[in-house]
Amino acid sequence: MADLEYRCPQCRQPLASRRNGDFDTWECTQGHGVGLTLTEAYGHLQEDEIHAIWKAAAGAPKSALASPLLGHPMVAVTVVVDDDEVEGNTGSGAHPVTLDVAVDEQFLWFHVVDFKAMPADLPNPPPSAADVARLDSLKDQSSRWVARDADSEESALSKLGYRFGSRAAALLHLTSFTRKLGEKARAELDG
């Protein structure tokens, strides 16, 4: 099977993969736009904007553009984005952005201007002391459960070993069973 390649939703030419640090995008060599997977979006765009895009895509009208892999119709989405990561997108710098979404392929396609207008992901704040304590508690609890399950599994295996005995005992049992079966078969033939 041939490898699938991303194609420009507009001109259908192969898209060029671009890497900027740890950010991977797909760009049309004719300048029609920039695309990225939903996974890349979560690593580099603000989550509230991604949520707004995905929510709008659920009821959005079909686009004239075809999805980059399968060529299915995309949906046209316009959302308001802003500079903060608070749901609602009404904060400072709020402005509309239009893009096309291939929902099944989880691919976002931006015109270059709209892609550049997307606010960058903000760094996550460090965890609070309460969050760190809760994570430590969960870590300890998980370690105890793993140890308990390992002990439980070992006990079950030990019980199984006692139930069936050693390999030598199993062979002796099989030999005895075969001998008895043979004696019974001979008796029936002689009988």
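In the block above lies the structure referred to throughout.
Residues numbered from 1 in each chain as written. Predicted model: local features only at pLDDT ≥ 70, side-chain atom pairs only at ≥ 80, totals over all residues. Heavy atoms only, no water.

Novice: With reference to specific residues and values, describe the overall build of the protein chain.
Specialist: Secondary structure assignment for the protein chain yields 5 helices and 7 strands. In the protein chain, the succession of helices and strands from N to C terminus is β-β-β-α-α-β-β-β-β-α-α-α. Among the 191 residues that make up the protein chain, the fraction classed as buried is 27%. About 13100 Å² of surface is accessible on the protein chain, with carbon and sulfur atoms providing 56% of the total. (Helix = DSSP H or I, 4+ residues; strand = E, 2+ residues; numbered from the N terminus. Buried < 20%, exposed > 50% of the residue type's maximum accessible area, 1.4 Å probe, protein only. Areas by Shrake-Rupley, 256 points an atom, 1.4 Å probe, with all protein chains shown as cover.)

Novice: So, the side chain of Gln46: which residues are in play, and what are the values?
Specialist: Within the element layout of this structure, Gln46 appears in the loop between α1 (38-44) and α2 (47-58). Ignoring sequence-local partners within four residues, the contact set of Gln46 consists of Asp82, Asp83, Asp84, Glu85, Pro119, Ala120, Asp121 and Leu122. (Contact = heavy atoms within 4.5 Å.)

Novice: Would you mind going over the pairing of strand β5 (residues 73-81) in detail, with residue names and values included?
Specialist: As defined by bridge partners, strand β4 (residues 62-66) adjoins β5 across 2 bridges and the pair is classed as antiparallel. Bridge pairing links Ala66 to Pro73 in β5. Between β4 and β5, which pair antiparallel in sequence order, lie 6 residues; one of them, Gly71, sits at a positive phi of approximately 80°. For β5 and strand β6 (residues 95-102), the ladder comprises 7 bridges, and the chain directions are antiparallel. By the bridge assignment, Val79 is partnered in β6 with Val97. (Pairing = 2+ DSSP bridges.)

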